[in-house]
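Residue-level structural notes
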Number of protein chains: 2
Amino acid sequence: MQSDIEICRTTPLQPIDDIAHQAGLQTNEFQSQGRYKAKVSLDALHRLKDRPTGKLVVVTAMTPTPLGEGKTVTTIGLAQGLAKINQSVFACIRQPSMGPIFGVKGGAAGGGYAQVAPMEELNLHLTGDIHAVTAAHNLAAAAIDARIYHEQRNGYADFTARTGLKALRIDPSHVTWKRVMDHNDRALRMITIGRNEDGKAVNGFEREDGFDISAASELMAILALSTDLNDLRQRIGRIVVAYDLDGQPITTEDLQVAGAMTVTMKDTIQPTLMQTLEGVPTLVHAGPFANIAHGNSSIIADNIATRLADFTVTEGGFGSDMGFEKACNIKAKAAHKHPDCAVIVATLRGIKANSGRYDLRPGQAIPDSLFAPDSAALTAGFANLQWHIDNVTQYGVPAVVAINRFPQDSEEELQQLMAMIKALPQGVEVAISEAFSRGGLGATQLAHCVMKQCEKTVQFTPLYQSEDSLDDKLHAVALKGYGAGSITYSEKATAQLKRFNELGYGHLSVCMAKTPLSITTNSAIKGAPSGFDVTIRELKLCSGAGFIYALCGSVMTMPGLPDKPAFMSLDIDEQGNIVGLS
Amino acid sequence: MQSDIEICRTTPLQPIDDIAHQAGLQTNEFQSQGRYKAKVSLDALHRLKDRPTGKLVVVTAMTPTPLGEGKTVTTIGLAQGLAKINQSVFACIRQPSMGPIFGVKGGAAGGGYAQVAPMEELNLHLTGDIHAVTAAHNLAAAAIDARIYHEQRNGYADFTARTGLKALRIDPSHVTWKRVMDHNDRALRMITIGRNEDGKAVNGFEREDGFDISAASELMAILALSTDLNDLRQRIGRIVVAYDLDGQPITTEDLQVAGAMTVTMKDTIQPTLMQTLEGVPTLVHAGPFANIAHGNSSIIADNIATRLADFTVTEGGFGSDMGFEKACNIKAKAAHKHPDCAVIVATLRGIKANSGRYDLRPGQAIPDSLFAPDSAALTAGFANLQWHIDNVTQYGVPAVVAINRFPQDSEEELQQLMAMIKALPQGVEVAISEAFSRGGLGATQLAHCVMKQCEKTVQFTPLYQSEDSLDDKLHAVALKGYGAGSITYSEKATAQLKRFNELGYGHLSVCMAKTPLSITTNSAIKGAPSGFDVTIRELKLCSGAGFIYALCGSVMTMPGLPDKPAFMSLDIDEQGNIVGLS
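Keep in mind it's a predicted model, so treat the numbers as computed, not measured. (Residues numbered from 1 in each chain as written. Chains lettered and ligands numbered in written order. Predicted model: local features only at pLDDT ≥ 70, side-chain atom pairs only at ≥ 80, totals over all residues. Heavy atoms only, no water.)

**Focus on the confidence of the model for chain A**
Averaged over every residue, the pLDDT of chain A is 95; the share at 70 or more is 99%. Taken over the whole predicted complex, pTM reads 0.97, whereas the ipTM for its chain interfaces reads 0.96. (pLDDT = per-residue confidence, 0-100.)

Here is the structure:
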């Protein structure tokens with residue numbers, strides 16, 4: 001089989017104008033960006049707002065190996081499968097981060113014959129949305145440090161006399177807005193900024209700071225959750241970036257930078273239209289990383305797609321404890337639209353990995369032994385898949401298990417797994433997906449299963465309500481959403497919880513950051529444990545996004561590069577074509 | 001008069017496809033990016049390579065005030081003026097940096113009726129080239145720190161055993177590749193990265209680092225000086241980012257990151273086609289800041305434009321000691337194409353400011369008193385303009401002085417200045433430009449002067465030859481290019497000069513970084529002094545760009561935000577239009 005980029009390059013694509021028109025967009029509702037990308041104007045949303053909405057299918061997964069179990073392949077494959085059986089369909093995916101592309105995982109455009117194309121444009125820059133989020137985020141950071149510097153240089157009275165502006169008296173030890181970069185850059189996790197030499201204060205005020213990866217920016221969550229440009233502007237203005245010397249919150253509005261941040265992000269509000277290798281219209285919007293971010297594609301993209309097509313297939317990152325939990329408890333609430341069906345991606349290798357009998361490490365290749373038939377490992381690891389089926393079902397959302405087939409998989413084991421799933425009491429549908437090797441034709445059975453489940457009535461049941469306390473919401477996610485037995489708050493988190501309640505933020509949702517490699521907060525624990533403890537070490541107020549962000553266990557919000565990063569194989573050939581991207 | 005953004009929004013523009021076709025590009029040679037921007041493929045250059053080249057006009061200036069004297073206005077205005085008198089013409093400008101846009105100066109699209117449009121797209125993101133340069137630059141930085149971390153964690157032998165890669169043994173105290181960001185962010189000038197807590201080395205190896213503004217990245221100079229994608233790839237591979245424990249240079253090729261950096265910058269090689277308010281085709285390419293960077297628009301853009309039009313008007317940043325010097329001594333050499341004419345922009349306020357009788361500070365408004373008639377200040381400051389005329393003339397390039405008229409200027413003083421210039425012995429042409437208030441019609445006289453000077457034979461004389469020693473080249477720029485009497489090297493610079501010679505880099509050009517607000521290295525010294533000393537505090541090897549970068553005086557490569565930054569006035573209105581951008 002050819003490499004992903006070879007398949008993508010040799011598949012003829014349609015001009016994006018044709019894709020847009022076929023999908024039901026009018027000429028004035030999109031602007032093409034080159035031959036195969038277009039920015040979709042929110043005028044389309046305005047025109048379509050009273051149309052009935054189609055079915056929203058969220059693709060999630062069992063607990064994955066560090067390389068992922070093919071959720072994007074299945075998302076694209078299912079959309080292509082639905083098109084093959086003559087359904088009107090859109091795919092909605094998130095823009096890939098350059099961090100994993102240059103780091104471990106490679107591209108995020110799907111793979112094989114289930115890709116969004118051109119894959120190199122999706123994987124690199126796209127239409128610049130992540131760069132714009134990064135720029136807007138770092139503008140606020142520069143504004144904070146400039147304000148501290150200018151207010152402290154000659155004192156507050158002098159600052160006000162010079163500028164006519166009120167002194168904000170920002171507490172330099174209480175700045176909560178870090179900087180961001182769309183790379184895996186371990187060395188920027190904790191830094192000291194504003195360092196000066198020789199007693200000359202020309203580089204600002206020295207303080208501790210750090211960088212997160214751009215997808216973890218509150219601005220990315222705001223982009224995903226906004227319903228229009230005005231909502232984006234209002235949400236940006238609500239962001240709390242620091243506290244003053246009296247402990248009162250300072251917002252971007254106080255810094256008079258919220259307008260400029262919105263201007264910087266103005267074009268990001270428009271989803272980017274692309275196509276799959278089989279011409280299915282695909283909206284790409286907002287960012288990835290459901291472990292350390294909201295990690296679902298945007299409400300705006302869903303709102304456009306569901307009004308133009310009978311089926312919209314989207315994805316929530318990692319396992320159902322991660323992106324799907326946030327799709328149900330954060331996104332569905334903001335969107336007033338719940339998933340109509342969940343697809344749980346499972347693989348033989350993923351199930352066997354969850355037996356705990358294999359030593360898998362991020363940054364290392366998957367051992368070949370994981371593909372060898374191993375009935376005991378399959379039975380032992382099956383508990384994890386079963387857990388995810390239970391988890392999805394508790395939200396009231398009908399589920400389909402998609403077994404993403406790898407070329408090395410044995411037919412016998414696949415049939416064994418099918419039988420185990422069919423024997424479960426929850427009444428889930430199951431299909432083997434061969435979308436990777438066969439495109440849409442390899443996913444028609446899956447498509448039929450999804451259509452069947454979409455006919456069911458959904459009794460959508462999120463884990464908590466707005467009026468629940470923050471503590472109750474965190475417990476709901478940990479206990480009901482993960483199967484934990486308890487939460488332990490650090491001293492810091494305890495104080496933060498108290499303070500956020502005092503400041504009147506008790507009504508917000510909660511967004512958990514934890515490892516995606518376990519349903520617990522410890523990546524080494526596989527399978528389906530229960531009764532474990534969830535340690536919350538720190539909370540962050542994201543009042544623009546509308547949630548309290550909880551850092552669990554030792555999760556990091558800036559990844560690092562492995563010892564032999566994926567970037568080493570990337571290059572251009574003599575014709576200027578990209579080589580080594582997968 | 002309306003604001004810049006109002007004029008821009010109310011002027012009807014042509015579809016960019018029409019502009020491209022009228023300019024002589026074929027349909028397969030460009031890809032539109034929305035309605036008013038297009039990326040121009042290097043296929044155009046290939047088709048046109050044997051065509052005769054038109055005249056290249058470089059717009060430079062006298063020593064400017066901190067707000068600039070209207071070089072971009074004059075560049076766009078002159079191009080429009082040439083079009084008004086039926087000449088075929090292109091403008092080539094640099095992509096604006098977001099630093100000054102959010103900081104002090106505002107937008108960089110020209111102004112009034114001499115703008116590149118849509119100005120908000122030019123000023124913000126454009127087609128993402130600066131973001132791609134930033135991303136490629138920071139990828140190399142992350143690669144360096146990841147390599148140091150993984151090699152040091154368990155020792156070199158373990159690293160090689162795990163990865164099969166040779167240990168590079170990078171000296172952490174001798175990493176020369178900093179990080180970059182396209183913002184004015186003072187607090188990032190000097191930072192400590194890789195900080196760890198509790199003795200757990202999870203954030204990398206602690207060392208001193210810093211951020212430059214993206215336009216100062218060696219990659220931006222490489223982009224401006226490359227002739228095609230292959231040249232870009234080769235130049236990127238030659239970049240020295242650090243030294244090993246034996247003092248030997250480490251390149252991006254050693255880190256195996258040069259290919260991925262090129263992939264990241266692949267689309268930047270294509271200039272962006274836009275239009276002026278009067279429909280003159282304009283190529284936007286590479287970055288600004290001729291004070292701390294190369295600061296000229298790209299060779300590729302010039303090569304396309306000069307083969308499609310009889311006149312190409314481009315600009316070199318700041319005064320003729322800055323961008324124009326680099327246009328002649330760095331760019332012309334790499335391009336094998338010298339300027340045919342130089343336009344020196346002067347203003348009454350700029351000349352009076354050079355009298356030294358006014359207290360002008362970066363970040364502060366220009367005092368009204370500077371616009372009041374003041375014959376003595378005009379006479380005193382005239383020496384600076386005369387100096388720039390002499391400076392341009394020594395390169396053998398015929399000059400035209402363009403007096404950029406401000407609405408407050410008195411007619412009497414303008415005529416006095418015209419007479420003073422006409423009385424000079426160098427035989428320069430002079431014209432008043434009213435391009436800001438009248439567009440191309442306000443620059444037809446200037447256009448005629450430029451056409452006249454372009455008929456002259458140029459005896460192009462750069463200040464130094466490749467075979468001169470680095471020390472001689474630095475002296476040539478300081479003594480002949482600035483009028484200095486001497487150079488003082490810091491101890492550090494002395495050692496660096498010796499080392500670069502030992503390493504075989506003596507053939508490179510030199511790129512000076514100094515204040516643009518004086519012909520000396522001290523921004524407070526106005527007018528046209530001579531015999532001063534130029535202090536070189538540090539040298540940087542830019543072997544990809546092909547020059548040694550010399551930091552003079554106290555110049556900084558990361559600007560800071562002022563106490564009342566321009567971003568405070570930026571916002572969107574209820575219709576989603578940008579307000580406050582000028």
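**Some thoughts on the sheet that holds strand 13 (residues 249-251) of chain A**
All names here are of chain A. Sheet architecture is open: 3 strands sit in the order 7-12-13, paired in antiparallel fashion. Across the chains shown, the open sheet's two edge strands, defined by having one partner strand only, are strand 7 (170-175) and strand 13. Strand-to-strand twist of the sheet, defined as the mean angle between neighbouring strand axes without regard to direction, takes the value 50 degrees. Sheet topology places strand 12 (residues 240-244) next to strand 13; 3 bridges connect them, and they run antiparallel. Looking at the pairing, Tyr243 lines up with Pro249 of strand 13. (Pairing = 2+ DSSP bridges. Helix = DSSP H or I, 4+ residues; strand = E, 2+ residues; numbered from the N terminus. Axes fitted to C-alpha atoms, helices over the stretch in contact; angles between N-to-C directions.)

**Comments concerning the packing of helix 4 (residues 71-84) of chain B against helix 18 (residues 444-454) of chain B**
Residue and element names in this part refer to chain B. The interhelical angle for the contact between helix 4 and helix 18, taken along N-to-C directions, is 85 degrees, at an axis separation of 8 Å. When the interaxial angle is binned, helix 4 and helix 18 end up roughly perpendicular. On helix 18, the residues touching Thr74, Leu78, Gly81, Leu82 and Lys84 of helix 4 are Thr444, Leu446, Ala447, Val450 and Met451. Each residue belonging to the contact of helix 4 with helix 18 can be placed in one class, and the counts come to 6 nonpolar, 3 polar and 1 charged. (Parallel < 35°, antiparallel > 145°, perpendicular 65-115°, else oblique. Contact = heavy atoms within 4.5 Å. Nonpolar A, V, L, I, M, F, W, Y, C, P; charged D, E, K, R; others polar.)

**Structural notes on helix 10 (residues 229-237) of chain A**
Counting buried positions over the 9 residues of helix 10 of chain A gives 7, a clear majority of the element. Every buried residue of helix 10 of chain A is accounted for by Leu229, Asp231, Leu232, Arg233, Arg235, Ile236 and Gly237 of chain A. Elements that come into contact with the buried residues of helix 10 of chain A comprise helix 9 (218-225), strand 13, helix 11 (258-265) and helix 13 (320-335) of chain A together with strand 24 (571-572) of chain B. Capping of helix 10 of chain A at its N-terminal end is provided by Asp228 of chain A; its side-chain oxygen lies 3.1 Å from the backbone amide nitrogen of Asn230 of chain A. (Buried < 20%, exposed > 50% of the residue type's maximum accessible area, 1.4 Å probe, protein only. Polar contact = N/O pair within 3.5 Å; in protein donor to acceptor, adjacent residues only side chain to side chain.)

**Re the pattern of salt bridges**
Applying the stated criterion across every chain, the model contains 63 salt bridges over all chains. Glu502 of chain A is paired through a salt bridge with Lys498 of chain A; the nearest N and O atoms lie 3.1 Å apart. Placement of both Glu502 of chain A and Lys498 of chain A in helix 20 (residues 491-502) is noted, with a separation of 4 residues, approximately one turn of the helix. The partner of Lys337 of chain B in a salt bridge is Asp340 of chain B, and the shortest N-O contact between them spans 3.6 Å. Put simply, Asp145, Arg179, Arg207 and Asp209 of chain A together with Asp185 of chain B are held in one network by salt bridges that share partners. (Salt bridge = Lys/Arg side-chain N within 4 Å of Asp/Glu carboxyl O.)

**A short note on the packing of helix 7 (residues 129-153) of chain A against helix 11 of chain A**
Residue and element names in this part refer to chain A. At a closest axis distance of 8 Å, the pairing of helix 7 and helix 11 adopts a crossing angle of 165 degrees. By the angle between their axes, helix 7 is roughly antiparallel relative to helix 11. In this structure, helix 7 meets helix 11 at a crossing whose hand is right-handed. Within the contact between the two elements, helix 7 uses Ala132, Val133, Ala135, Ala136, Leu139 and Ala140 and helix 11 uses Ala260, Met261, Thr264 and Met265. (Left-handed = near helix turned anticlockwise from the far one by under 90°.)

**A few points about the interface of chain B and chain A**
Across the boundary between the two partners, chain B contributes 72 residues, which contact 72 residues of chain A. Summing the contributions of chain B and of chain A, the shared interface buries around 6300 Å²; its carbon and sulfur component is 63%. Of all residues in chain B, Met190, Val263 and Asp563 of chain B bury the most surface against chain A, accounting for 10% of the area lost on that side. On the surface where chain B and chain A come into contact, there are 8 salt bridges. Of the charged contacts, one joins Arg179 of chain B and Asp185 of chain A as a salt bridge, the two residues approaching to 3.0 Å between their closest N and O atoms. Here chain B is connected to chain A by 37 residue pairs in polar contact (both at pLDDT 80 or more). When residues in the side of chain B that touches chain A are grouped by element, the largest group, 12 residues, is from helix 7 (residues 129-153) of chain B. (Buried area = accessible area lost by both parts, 1.4 Å probe.)

**Let's talk about the relation of the copies chain B and chain A**
For these two chains of identical sequence, chain B goes onto chain A by a turn of 180 degrees and a shift of 0.0 Å along the axis, with RMSD 0.0 Å. Expressed as a symmetry operation, the mapping of one chain copy onto the other fits a two-fold axis. Across chain B, the rotation axis passes nearest the C-alpha of Gln33 of chain B, at a separation of 1.9 Å. With an isologous cut-off of 70% or more, the 100% of interface residues of chain B that recur at the interface of chain A puts this contact in the isologous class. (Least-squares fit on C-alpha atoms with pLDDT ≥ 70 in both.)

**Side note on the side chain of Asn291 of chain A**
Residues and elements named next belong to chain A. Counting through the fold element by element, Asn291 comes out in the loop between strand 15 (281-284) and helix 12 (299-308). Accessibility expressed as a relative area gives 13% for Asn291, which makes it buried. In contact with Asn291, other than residues within four places in its own chain, are Phe318, Met322, Lys326, Met512, Ala513, Lys514 and Pro516.

**As for the nonpolar core**
Grouped together as the largest cluster of nonpolar side chains are 399 residues, with contacts concentrated most on Leu385 of chain A together with Leu385 of chain B. Beyond its immediate sequence surroundings of up to four residues, Leu385 of chain A is in contact with Met62, Ile344, Ala346, Ile351, Val401, Leu417 and Ile421 of chain A. (Core = buried A, V, L, I, M, F, W, Y, C linked by side-chain atoms within 4.5 Å.)

**Quick notes on the sheet that holds strand 21 (residues 509-513) of chain A**
Residue and element names in this part refer to chain A. With mixed pairing, 4 strands are arranged side by side in an open sheet as 20-22-23-21. The two strands at the open ends of the sheet, each matched to only one other strand, are strand 20 (486-489) and strand 21. The sheet shows a mean angle of 40 degrees between the axes of neighbouring strands, taken without regard to direction.

**Describing the pairing of strand 21 of chain A**
The two faces of the sheet receive side chains in turn, since in a regular strand these alternate between them. Residues and elements named next belong to chain A. Counting buried positions along strand 21 gives 5 out of 5 residues, so the element sits mostly inside the fold. Across the two faces of strand 21 the burial is the same, with Ser509, Cys511 and Ala513 and Val510 and Met512 all buried. Looking at chain direction, strand 21 and strand 23 (residues 547-552) are connected through 5 bridges and run parallel. Looking at the pairing, Met512 lines up with Ala550 of strand 23.

**As for the UniProt feature "binding site: ATP" (unreviewed entry) in chain A**
Residues and elements named next belong to chain A. As annotated by UniProt and renumbered to match this structure, "binding site: ATP" (unreviewed entry) occupies Thr65, Pro66, Leu67, Gly68, Glu69, Gly70, Lys71 and Thr72. Looking at the secondary structure, you find Leu67 in the loop between strand 3 (55-61) and helix 4 (71-84). Residue Leu67 is classed as partly exposed on the basis of its relative accessible area, which comes to 31%. By the secondary structure assignment, Gly70 is in the loop between strand 3 and helix 4. Apart from residues no more than four positions distant in its own chain, Gly70 is found in contact with Val345 and Asn404. (UniProt positions renumbered as here; feature names shortened; annotations may be inferred.)

**Describing the packing of aromatic side chains**
Considering all chains together, one arrives at 5 aromatic pairs over all chains under this definition. Between the aromatic rings of Phe371 of chain A and Phe406 of chain A, the centroid separation amounts to 5.8 Å while the plane-to-plane angle is 50 degrees, which identifies the pairing as tilted. Of this pair, Phe371 of chain A sits in the loop between helix 14 (348-353) and helix 15 (375-394) while Phe406 of chain A sits in the loop between strand 18 (399-404) and helix 16 (411-422), placing them 35 residues apart in sequence. Their ring planes at 90 degrees and their centres at 5.5 Å tell us that Phe324 of chain B and Tyr395 of chain B sit as a pair that is edge-to-face. Taken together, the residues span a long stretch of sequence, with Phe324 of chain B in helix 13 (residues 320-335) and Tyr395 of chain B in the loop between helix 15 (375-394) and strand 18 (399-404) at a distance of 71 residues. We classify Phe324 of chain B as buried; its relative accessible area is 0%. Directly above the ring of Tyr482 of chain A sits Lys514 of chain A, whose terminal nitrogen or CZ lies 4.9 Å from the centroid. (Phe/Tyr/Trp six-rings, centres within 6.5 Å; stacked < 30°, edge-to-face > 60°. Lys NZ or Arg CZ within 6 Å of the ring centre and 35° of its normal.)

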